[in-house]
Structures are given as C-alpha cells and as structure tokens.
Amino acid sequence: MRPKTARLGGVLAAGVALSLALAACGGGDTGTTAEGGDTAAAPTTLKIGFIGDLTGDNAAIVIPPRNGAQLAIDEYNATNPKVKVELIPYDSKADPSTAANLAKTAIQKDKVVGIIGPAFSGESQQVQPILEEAKVPSISASATRTALADAGAKYWHRVVANDDVQGPAAAEFVARAVTPKKAFVIDDKSPYGQGLAQAVTTALKGKSEVQSDSFEATATDFSSTVNKVAAFNPDFIFFGGYYAQAGPLIKQLRDKGVKARVMSGDGSLHSNLIEGAGTEQAEGTLLSCPCKIAYAWADADENSKKFTETFKTKFSGQLPEIYATEGYDAATAFLKAIGEGKVTTEDINTYLTSVDFAGLGKPIKFTEKGEVADTSVYIYQVKGGQIVSVGDAKDANLS
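Residues numbered from 1 in each chain as written. Predicted model: local features only at pLDDT ≥ 70, side-chain atom pairs only at ≥ 80, totals over all residues. Heavy atoms only, no water.

A. Representation of unusual backbone geometry. Note that the residue after Gly117, namely Pro118, is joined by a cis bond; omega there is -10°. Not every positive phi belongs to a glycine, and Ala94 is a case in point at roughly 65°. Looking at the element boundaries, Ala94 is found in the loop between β2 (84–91) and α3 (96–108). (Helix = DSSP H or I, 4+ residues; strand = E, 2+ residues; numbered from the N terminus.)

B. Geometry of the packing of aromatic side chains. Evaluation of the coordinates by the stated rule reveals nine aromatic pairs. Consider the rings of Phe307 and Phe311, whose centres lie 5.7 Å apart with planes at 50°: the pair is tilted. Residue Phe307 and its partner Phe311 are located together in helix α12 (residues 302–314), separated by four residues, close to a single helical turn. The two residues Phe307 and Phe311 agree in class, both being buried. Chaining the aromatic ring pairs together yields one cluster made of Phe307, Phe311, Phe315 and Tyr328. Over the ring of Phe232 we find Lys182, and its NZ or CZ is 4.4 Å from the ring centre. It is Lys292 that lies over the ring of Trp297; its NZ or CZ is 4.8 Å from the centre. (Phe/Tyr/Trp six-rings, centres within 6.5 Å; stacked < 30°, edge-to-face > 60°. Buried < 20%, exposed > 50% of the residue type's maximum accessible area, 1.4 Å probe, protein only. Lys NZ or Arg CZ within 6 Å of the ring centre and 35° of its normal.)

C. Summary view of the sheet that holds strand β4 (residues 138–140). Spatial strand order, β2-β1-β3-β4-β5: five strands in an open sheet with parallel pairing. Single-partner strands in this sheet number two, and they are β2 and β5 (156–158). In this sheet, adjacent strand axes meet at a mean angle of 25° when their direction is disregarded. Pairing of strand β1 (residues 45–52) with β2, which is carried by eight bridges, proceeds in the parallel orientation. Within the sheet, the bridge partner assigned to Leu46 lies in β2 and is Val85. (Pairing = 2+ DSSP bridges. Axes fitted to C-alpha atoms, helices over the stretch in contact; angles between N-to-C directions.)

D. Representation of the pattern of salt bridges in the model. For the structure on display, the rule yields ten salt bridges. One salt bridge in this structure joins Lys93 and Asp91, with 3.3 Å as the shortest N-O distance. Among the ionic pairs, Lys394 bridges to Asp392, the shortest N-O distance being 3.1 Å. Overall, the relative accessible area of 56% leaves Lys394 in the exposed class. Classification of Asp392 by relative accessible area gives buried; the value is 5%. (Salt bridge = Lys/Arg side-chain N within 4 Å of Asp/Glu carboxyl O.)

Quick look at the structure:
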C-alpha cells in the first residue's frame with residue numbers, strides 16, 4: 001500500500017503557520033510586563049533539538065534526517081510566523097552516554113520544547129527516561145528497536161515502524177521472492193542490529209535452514225564470520241547492522257567466493273554501502289526499510305520527485321538519503337503543534353497524541369505507545385551502482 005504524501009514548500013509551511021494565537025510559556029525568547037501585571041509574553045522563538053551521530057562512522061544516515069528537519073523548519077520560518085523555530089543539532093557520535101549528556105544540555109541549558117531523535121536505538125534507550133522525567137516530547141526519525149515502545153513513555157514517539165515489523169516483513173519478502181533453502185543471519189551486537197537480526201531469524205525458521213554469527217560494531221576484519229558463512233554455503237545472507245560494516249563485509253564475502261544474495265536493513269540503506277563494497281560486489285544487494293527514500297521513488301511519486309529536487313537545491317546537490325523524509329515529517333509534526341499555538345512542552349506533547357496528517361513518507365499518526373500507526377515496509381535493491389525501489393514488501397517482486 002502506497003502511503004499518502006504531503007505537499008511541499010510553501011503549501012506545507014503555510015498550513016502549519018495558521019492559528020498562532022499563542023499562550024504564555026517558556027522554552028524560547030520571552031518577556032514579562034512590569035511588576036503588578038505579571039503576564040509572560042508569547043515567545044518569539046522556540047528551540048527544537050536534533051540528537052544523532054553527525055560526525056561518526058554512520059553520520060551519513062543521520063545527516064539526511066537532520067537536513068530534512070532543517071528544510072521543514074526553514075520552509076515554516078519563511079512564512080513569517082509570530083513564533084519562529086530554531087533547530088539545535090547535538091552530535092552524539094552514536095555514543096549513548098554522550099547522547100544522554102546532550103539531552104540534559106538541551107533541556108537545562110537550551111530549553112528546547114522538543115527533540116527530533118535520538119537517531120539510533122542504543123542512544124534512544126538512554127535518552128528516553130531523561131526526556132520522560134523532564135516532560136519533553138521526542139520524535140525519532142530512525143530508531144527502530146521494538147523495546148523502545150514498551151517502556152510506558154508518554155513523551156516518546158517515532159515515525160518509523162519497529163524491528164518486529166521490519167524483520168518479519170523483510171523475511172516474508174525473502175521467503176516469497178527469494179525462496180532461500182539455507183540462510184545465514186549476522187548482526188553487529190548493537191541493540192538495533194541484534195533486534196533486527198533476531199526478528200529475521202524468527203521469521204525464517206521453519207522456512208529455511210538458518211545459522212547465525214555476530215561481531216562487534218567496530219570490527220573491520222570479518223574473516224571469522226566470512227569463513228563460517230563459506231563453510232555453511234547459504235544461498236541467502238542477512239546482516240543486521242550499519243553500512244560502515246555492511247559494505248566491507250560484502251566485499252570480504254565476495255572476495256572469499258561467497259555468491260549468496262545479501263540483504264540488510266535500514267541501517268545499511270545508503271549509497272556509502274556501494275562505495276564500501278564496490279559497485280560490482282554490491283550489485284543485487286537487497287535492503288529493507290520502513291521508510292520512503294525520496295530519490296528512489298521519484299519516478300513513481302510526484303511529491304518524492306519534488307522533495308528530491310528541493311533537497312538537492314537546498315543542500316548543494318546532496319541526495320535525500322535514508323530518513324530525510326522522516327526527518328522532514330518529524331519536524332512537521334512539531335511545527336503543526338506550534339502552528340496551532342502549542343508552545344509549552346506539555347501542550348505540544350498533548351497535540352502529538354492526536355496529530356494526523358499526510359506526511360511526505362507516510363500518514364503521520366501515533367498510537368498510545370508512540371508508534372507510528374502506518375507500518376509499511378519497503379524493499380530496495382542495488383542496481384547498476386544505484387539504490388532503486390522494488391516496492392512494498394507485501395507484494396514486491398524481483399525482476
């Protein structure tokens with residue numbers, strides 16, 4: 001099922017800029033009347049934070065959602081609303097402890113009214129209780145670990161389906177379209193990688209003979225795992241982890257003579273995977289994601305085409321890689337709240353419980369647990385050195 005899409009540019013920004021009869025609050029630039037008439041003035045600027053790895057090994061899948069969020073905010077501010085929004089980026093370098101400290105800085109020093117992120121599941125796990133205690137709402141554009149929704153958090157949200165949705169959807173696609181007899185599942189020992197790999201393993205058992213292995217997320221030599229794969233001689237390999245390891249892993253597998261079809265999840269869905277593996281070695285690699293990569297859908301979807309063109313113009317020719325659309329949609333959810341006059345953290349969070357709009361990537365509506373209601377998962381493939389869309393996992397087929 002193809003998700004609804006949002007209008008871009010001034011149309012979206014104008015929509016969220018309506019109804020700016022704002023109440024008094026903190027979190028932005030404020031003023032007060034003279035003593036005897038204490039009435040706080042409406043803020044002129046509100047700050048929204050973005051937490052994620054902006055300079056580390058996997059920054060290439062975090063910068064796109066940061067830029068997507070920035071684009072949405074710039075379009076909103078261009079409508080000259082009474083309350084403007086400033087995006088404050090915080091570079092966690094994918095370290096959970098660093099992310100936790102940055103969250104405290106964002107809350108205590110910068111007085112943000114919301115957080116987009118954190119980007120990864122491990123850092124999200126540590127930051128979630130901090131934001132919950134401070135009653136600051138968050139919307140992650142990319143953290144997919146299932147357990148994040150099970151902590152009873154009231155201020156936490158995400159605009160992507162979790163691993164228990166992505167894993168089975170990917171495995172069911174593989175069982176139907178690839179039909180492997182022997183599958184080897186690998187993970188990078190990260191909360192994200194393990195969760196996704198386990199979901200795929202569970203879904204494949206009974207349909208394929210399955211073996212598995214793990215290595216550290218910082219590994220560069222995968223020879224031990226590669227040797228195990230070669231000995232098992234599977235016709236399908238799944239890797240739960242990020243592109244920084246996926247690319248070199250694929251290269252080492254091919255150098256060893258392993259010809260099995262390789263698939264990975266959203267953490268590897270980036271053109272840098274092709275660079276790390278080599279164009280020839282990466283050819284045919286499958287990738288799943290509960291996200292809509294705009295440039296891969298540009299030929300089939302007019303809004304994706306417009307967003308791709310706008311994004312490239314804004315960011316010096318960069319493609320809107322993975323989660324750029326989700327960053328845009330996460331920011332838009334906050335902007336819609338602010339546009340309706342919700343300027344305190346609690347009012348914004350209350351608004352998010354009932355927000356419902358046609359996002360660029362999918363309809364944006366949250367369940368009571370903060371999960372996005374739309375659970376579409378898409379399949380992508382490396383063809384001719386580029387990432388192309390195969391379609392919805394439910395009915396996608398390989399040509």
